[in-house]
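Here's the letter readout for the chains.
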Amino acid sequence: MQGLFDDLIPSRPAQASVGPFDDLIPSKRPMAQPAPSGLWNNLTAGANDAIYSTLGAPVDAATWITNKAVQGINAATVAELPQARADLPGSSRWLARTGEAVGVNDPAKVQATNTEEKLARAAGTGAGGMIAPEAALGTLGRAGVIGEGAWNTLGQVFGRSASAGDAAVNAGVGAAAGIGGQMAGQVVPEPWKPLAEAAGGMAGGALGVGAVAAGRGAAGLPQAWRDFRLADPAAQERAAGSRIQEWASDPYAVRDALERPSELVPGSKPTTFQATGDMGLGALERATDSRFPAEFMQRRAEQNTARVGALQDIQPQGAPEMVVQALRQNLEALDAATGQAVEGATGRARDAAARLGGEGAPESYGAGIRQQVMDAREVVKERERALWRAVDPGDSLNLHGTGTRQAARAIVRELPKSAKPLEGEERAAIVTALKYPDVVPFRELTALRTRVSAALREELSTNGQTPVYARLSQLRGAIERDIENAVAAKAAMEERAVQAGAMREEDTVAWLLQNMQRQVDAWQSGRTELEAGGSVAASAGKTGASRPSFVRPGSGGSGSAQRGSGFAPRDQGVQSPGLFPDDLAPNFDDGAAGRLKVASEATKQRARTFDEGRVGAVIRRSGAQGPFQVENSVVPQRFFVPGPRGFEAMQALRNAAPNATGQVREYAISTLRREAMRADGTLDPAKALAWRKKHADALRAMPEVDRALADPVQASELLARAAADRKAALDDFQKGAVARLLNLDDPADVTRTIGGIFSRQDQVQQMVRLARETAGNPQAREGLRKAVADYINLRFVGNMEGATSNVDMMRSDAFQQFLRQSAPALKPILSSAEIMTLHAIAADLKRSNRSIAAVKLPGRSNTVQDALGVGKRGDAPSWLARILSPGALASAGAAAGSAGGWVGSAAGAGLGAHFGRVIDAMRQAGLRGVDDIVKDAMLNPDRARALLMKVGGEPTQSQAISLARVYMRAAVASGLGGAQKQDAPAPTASKPLPPAADAPGRRSFGELAQ
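Quick caveat, the model's predicted, so the values are computed rather than measured. (Residues numbered from 1 in each chain as written. Predicted model: local features only at pLDDT ≥ 70, side-chain atom pairs only at ≥ 80, totals over all residues. Heavy atoms only, no water.)

**Student:** Can you tell me about the overall build of the protein, naming the residues and giving the values?
**Tutor:** Per the secondary structure count, the protein includes 42 helices and 4 strands. Buried residues in the protein amount to 42% of all 1010 residues. For the protein, the proportion of contacts with a sequence separation of at least 24, taken over those separated by at least 6, is 76%. (Helix = DSSP H or I, 4+ residues; strand = E, 2+ residues; numbered from the N terminus. Buried < 20%, exposed > 50% of the residue type's maximum accessible area, 1.4 Å probe, protein only. Contact = heavy atoms within 4.5 Å.)

Next comes the structure, spelled out in structure tokens:
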């Protein structure tokens, strides 16, 4: 026996071979026997050869590959590596020896001695080549080594017989292919044998397949007698099957379609046309429906009942109004939660706003500010008086007064004669100045300045800036210049003395003024302490206790007794007509000049700080003791003003009375309360921001206000955010379908409103929202599902009853359109299985619509079409039916009775016609039975499938494919068998031979199987 790869595997000495079953073979070698032969031995040897080659192919292939690799290595390296044995366990040769050990002939030892035996050997090889791969594949598949998919795929190549008959057919085709290959190989020269054997195998396989097909077709011959046997139920079924097959547009596709499950919705059984979609069967169904309308209408009603029942089973229980109850509960919970958050934020914002202060009246703040300014002015004024007293503590200083006198003369000289004459305090002051000599006492000149200043204030407050005010201002300016000139003349003289080396610089008035300026700066620093929180009284005491060191008489004294240039005290005699003695001389020393400078600067500073601008306006009276010109309620507004002037106004107040800024701060907070405070005691963040922008410049002077506002404003912003979030949450909750559902109570209204969601553009979003709102409430979720199910039933189940089923018909097109558009919106509410049920209903509706619209003539009446369908029976009379028709039999009877004359002819014609009518009546009765069977088959796909199986004729598409596969496998098996060496050399006498086929104890596989 040779395997597929035996020619490529080097043989090894037989005596070195040791088989795995050698211990089972008796050690005593029998006598050499002649090689077995004969038809049976060659037939079984061929089959066994194919089986061994198939089963041993994996090991044979591996051995061949290994030996080829060893041969390549030996050739390349001149090595002598050993090669693998040809009889390894599992190889074809090992299988042959194993079979021989149990009594099966070794195919290599069976000899074909004549042509008949060679043909038998080839037939066995072909049959075994067809059966062995299929059997091996089936064993692996049933053992689970390969999966079902791989089994089916490989079965298309190697075969997968469904029955013993299929296996026998395959074996017969393989045998025919083997015989064809052997016969072709015998008639060609040796070089052409392989090709001839392959071609002969293909031809033999083709003949085998043809024989099978011919055998199957021969079974259809008895159908010629169907017209006579229609009374037989079996004949009627065959006739019905033939009619269905004749009407089918594609009988092969129909049979394949009928093999698949037909019900899409449980209980909705389709018709045969609906299940297959074959247009020819659609026309047959229409014709049958026209003849038997009741049964088909009942089937449509049954299908509709199954669909409606499937819809109603989705959610049979539930209360839609529970959805509204759940929404209201969720809204109440949301309102309570957000309201609590807003309430907490409101309390925090109210407490923060209450800590700001600013709850007093504007007039109280104004009175406090004015009093602080007046107190501060009095402190400064008292310090100023002390400075002036320190200039001339002994009343002995004199200075030039010519400038004052000349100014008085100029006023009198320049007064028009037509003008109002001088009068009152103005006239008295000017007259006094006219009487001044060249040198006047310092005390008198300052007294005149004070007198003129008082008159100026009086005139300004009473009459405004009149000519009197102008003349008095001119006079006071001259007085100021005389005082300043005394200091300037002294400084110029000392500067010349320093340059000449007659005086040290530190003894000059200029140096003294610089020293005094430093003391003034120290005094200003003392005022800064007042801003830091010191009381007015403490500041005044401190100032009085720390009077500058220059408040003392000048060096060498300033009295007239010491200098000889003074004048008598006030109580010594009466003043001369010129008011003062004419021999007075200026005696301003260095100390007096410095003290005068400091006192003058203090006066100017006090006037700029307290008597001018906004500060002066709030403490100015109408007259000496009249009421204040600015009301208390207006005073805070003079300093806390909006716009760019706010910073300067606040700085003016801060410079004058630092303690008054507290009152202004309280007033500022009160304006914020008026503009931005809400009724609940919290700040409006937007209005607070607007207030801060309006007073941004004033607040720059009061940064503590901004710091104080940070907490209340932030608390108000948090409150505003919490209120906005609450409003947004409540508004969002009450949007869309939820807003309408909250106002409903009737379950029908709830169902209609929920159903209306499916017509919205945002239906998926709305359904997801409702699913989320009812997620934690089982009753509400059931109510939601119930509302959806009720809506589908109300909208897509019409008012027309299906037959007499008491169930209304579904609106097919509307339901399919709804499901196509709204399936995503149903997913949050219904389960996947329920969605699949809806899709199955839609598919079933679409499929059942085939019976209504698929074969209907579009755009025209179908009455003629239906009438023609009723008239067409699909059974064209055969030649036998035509021969046995009443007319034909009457003619035949007349011809047969013509021997008896016209009487015989008439009698024969009558008998023939009567016999024909009897046969026709029998045939019509049979046809009615066929019509009933066709009707039942069109209503039941399983019946149609059974009828088609009884119809003879050409094979189905699957049968044709099966025969083609058998032929291809037979040709392949024949080629492989023909390629092997059939005429193996006979064993030599020196080698032990197995016993003959008829020897006892030696049997073939076929014998063992028997």
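**Student:** Summarise the packing of aromatic side chains; cite the residues concerned and give the values.
**Tutor:** Geometrically, a pair of aromatic rings is defined through the distance of the ring centres and the angle of the planes. Inspection of every chain in the model, using the stated rule, returns 9 aromatic pairs. Arranged with centres 6.2 Å apart and planes meeting at 20 degrees, the rings of Trp388 and Phe442 form a pair that is stacked. Taken together, the residues span a long stretch of sequence, with Trp388 in helix α13 (residues 362–391) and Phe442 in helix α16 (residues 442–462) at a distance of 54 residues. With centroids separated by 6.4 Å and ring planes inclined at 80 degrees, the aromatic side chains of Tyr791 and Phe796 adopt a geometry described as edge-to-face. Of the two residues, Tyr791 and Phe796, both sit in the buried class. One aromatic cluster is present, built from ring pairs that chain together Phe758, Tyr791, Phe796, Phe815 and Phe818. A cation over a ring is seen here: Arg700 above Phe647, with NZ or CZ 4.3 Å from the ring centre. (Phe/Tyr/Trp six-rings, centres within 6.5 Å; stacked < 30°, edge-to-face > 60°. Lys NZ or Arg CZ within 6 Å of the ring centre and 35° of its normal.)

**Student:** Outline the nonpolar core, listing residues and values.
**Tutor:** Within the largest apolar cluster, 47 residues are counted, with the highest numbers of intra-cluster contacts made by Ile754, Met767, Phe815 and Leu826. Excluding residues within four positions of it along the chain, Leu826 makes contact with Phe758, Val788, Phe818, Leu819, Ile835 and Leu838. (Core = buried A, V, L, I, M, F, W, Y, C linked by side-chain atoms within 4.5 Å.)

**Student:** Which residues make up the environment of Gln766, and what are the values?
**Tutor:** The residue Gln766 is located in helix α31 (residues 763–773) in this model. A residue is classified by how much of its surface remains accessible, and Gln766, at 8% relative accessible area, is buried. When the C-alpha atoms of Gln766 and Ala825 are compared, they prove to be 8.2 Å apart, with 59 residues separating the residues in sequence. When near neighbours in sequence (up to four residues on either side) are disregarded, Gln766 contacts Gly736, Ala737, Ile757 and Arg760.

**Student:** Can you explain the pairing of strand β3 (residues 797–801)? Please cite residues and give values.
**Tutor:** The sheet contact formed by β3 and strand β4 (residues 808–810) spans 2 bridges and is antiparallel. What sits directly across from Glu801, in β4, is Asp808. In textbook terms, the turn of a hairpin is the stretch between consecutive antiparallel strands, and for β3 and β4 this stretch comprises 6 residues, one of which, Ala803, has a positive phi near 55 degrees. (Pairing = 2+ DSSP bridges.)

**Student:** Give me unusual backbone geometry: which residues, what numbers.
**Tutor:** Even without a glycine there, the phi angle at Ala803 is positive, about 55 degrees. In this fold, Ala803 is placed in the loop between β3 and β4. Classification of Ala803 as partly exposed rests on a relative accessible area of 30%.

**Student:** Give me the lowdown on the packing of helix α12 (residues 321–354) against helix α28 (residues 703–733), citing residues and values where you can.
**Tutor:** In contact at an axis separation of 8 Å, α12 and α28 are set at 170 degrees when each is read in the N-to-C sense. When the axes of α12 and α28 are compared, the pair comes out roughly antiparallel. Here the contact of α12 with α28 is composed, by residue class, of 17 nonpolar, 5 polar and 4 charged. (Axes fitted to C-alpha atoms, helices over the stretch in contact; angles between N-to-C directions. Parallel < 35°, antiparallel > 145°, perpendicular 65-115°, else oblique. Nonpolar A, V, L, I, M, F, W, Y, C, P; charged D, E, K, R; others polar.)

**Student:** Provide a residue-level description of the packing of α13 against helix α21 (residues 590–610), including the pertinent values.
**Tutor:** Their axes nearest at 8 Å, the elements α13 and α21 cross at an angle of 165 degrees. Taken as axis vectors, α13 and α21 run roughly antiparallel relative to one another. Like other packed secondary-structure pairs, α13 and α21 cross with a definite hand, here left-handed. Here α13 contributes Val373, Ala376, Arg377, Val380, Lys381, Glu384, Leu387, Trp388, Ala390 and Val391 to the contact with α21, which in turn contributes Ala592, Arg595, Leu596, Val598, Ala599, Ser600, Ala602, Thr603, Arg606 and Phe610. When the residues that make up the contact of α13 with α21 are grouped by side-chain class, the tally is 13 nonpolar, 2 polar and 5 charged. (Left-handed = near helix turned anticlockwise from the far one by under 90°.)

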